[in-house]
Protein chains: 2
Amino acid sequence: MANDIEIRDKLMHNGLKVTPQRVAVLEALFDLRTHPTADNIIEYIRQNHPNIAVGTVYKTLETFVEKSMIQKIVTENNVMRYDGYTDKHHHIYFADSDNIEDYYDDDLNNLIEQYFNEKKIPNFKIEDIKLQIVGRHIPNSH
Amino acid sequence: MANDIEIRDKLMHNGLKVTPQRVAVLEALFDLRTHPTADNIIEYIRQNHPNIAVGTVYKTLETFVEKSMIQKIVTENNVMRYDGYTDKHHHIYFADSDNIEDYYDDDLNNLIEQYFNEKKIPNFKIEDIKLQIVGRHIPNSH
DNA sequence: GTACCTGCAAAAGATTTGCATCTTT
DNA sequence: AAAGATGCAAATCTTTTGCAGGTAC
């Protein structure tokens, strides 16, 4: 859980006014490490901040995405999910639930980066490569 | 553009009744190589088949996805797109347009597969890895 | 003939928008 | 004071659903 000062700084550094609503949304994104939907975020925030409006949360999230402060995660259920952590990582999608976990692996990133340094895609500048790793949890065998 | 016989076969082999609507949707997916939305597909089909219902197209697409005859492609615009080609490939997302192109690369697939053969993810069985390659078209320099 | 499909229209669910009011700077 | 943000409710957009009637096998 990030403290208020960090959050205020982050907002100010991105040229955004520091409002309680924005602080609450950012805080929720740091606290909820489940890649929440907008709805999850609203529910979480309303515990301490009952009057926040749905539209405000959506607008806030969109603003943060535009500033690259957070990331959208697309899913096959027509619901957007959000990720408050923007350091380079990939996502593991569990085929049998809507759980999405982070996957950090710099060796893999380097491998892929090197690969594409040699083998270019014609007329194309790669900005980012994200892996969607899909699979299943293996239950413990004892 | 696939011929009718192939399409009929594909439907029958998946235990589906061969209806003009299903043939039209599959045909659209083979013809439109732009990873169309449901709406794109409806528009395309209505040229020759004006009475097809919106709900039918959605149901048909969902049926095809369940049978793994086609794939969903998720986007950041809250619109699902569909891909009629299910052989292993990745997608190139153009950051400055909603263009999505296919990327076939077996060398890369092997590289990644080998990587994960050695470095397992604990308690997890990988079923598929999809790359979202994001970037921009480089204009020709003359 | 039966099981399965389709069309239609209504419903649902997620997200966006317009605008008056309020807050931050 | 000015610029920008919020709340509210209505609107929009995509996708799903229920069901009566129709079609493939």
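Here, every reference points to the structure presented above.
Residues numbered from 1 in each chain as written. Chains lettered and ligands numbered in written order. Predicted model: local features only at pLDDT ≥ 70, side-chain atom pairs only at ≥ 80, totals over all residues. Heavy atoms only, no water.

(A) Examining unusual backbone geometry more closely. All names here are of chain B. Residues other than glycine seldom take positive phi values, yet Ser-68 does so here, at roughly 60°. Inspection of the secondary structure puts Ser-68 in the loop between helix H4 (54-66) and strand S1 (71-73). Although it is not a glycine, Asn-123 adopts a positive phi angle of roughly 55°. Looking at the element boundaries, Asn-123 is found in the loop between helix H5 (106-118) and strand S5 (124-137). (Helix = DSSP H or I, 4+ residues; strand = E, 2+ residues; numbered from the N terminus.)

(B) Representation of the interface of chain A and chain B in the model. Of the residues lining the interface, 36 residues belong to chain A; the matching set on chain B comes to 36 residues. Between chain A and chain B the total buried area reaches about 3500 Å² when both faces are included, carbon and sulfur atoms providing 60% of it. Together, Glu-76, Phe-124 and Gln-132 of chain A form the three largest contributors to the area buried by chain A at its contact with chain B, with a combined 18%. At the junction of chain A with chain B, the criterion picks out six salt bridges. Close ionic contact of Asp-105 of chain A with Lys-119 of chain B constitutes a salt bridge, the shortest N to O distance being 3.3 Å. Mapped onto the side of chain A that touches chain B, the elements with two or more residues apiece are strand S3 (90-94), helix H5 (106-118) and strand S5 (124-137) of chain A. Here the element with the most residues in the side of chain A that touches chain B is S5 of chain A; it accounts for 14 residues. Grouping the amino acids of the side of chain A that touches chain B by side-chain chemistry returns 19 nonpolar, seven polar and 10 charged. Here S5 of chain A runs beside S5 of chain B; their pairing, made up of 13 bridges, is antiparallel. Its bridge partner being in S5 of chain B, Ile-133 of chain A is matched across the sheet by Ile-129 of chain B. (Contact = heavy atoms within 4.5 Å. Buried area = accessible area lost by both parts, 1.4 Å probe. Salt bridge = Lys/Arg side-chain N within 4 Å of Asp/Glu carboxyl O. Nonpolar A, V, L, I, M, F, W, Y, C, P; charged D, E, K, R; others polar. Pairing = 2+ DSSP bridges.)

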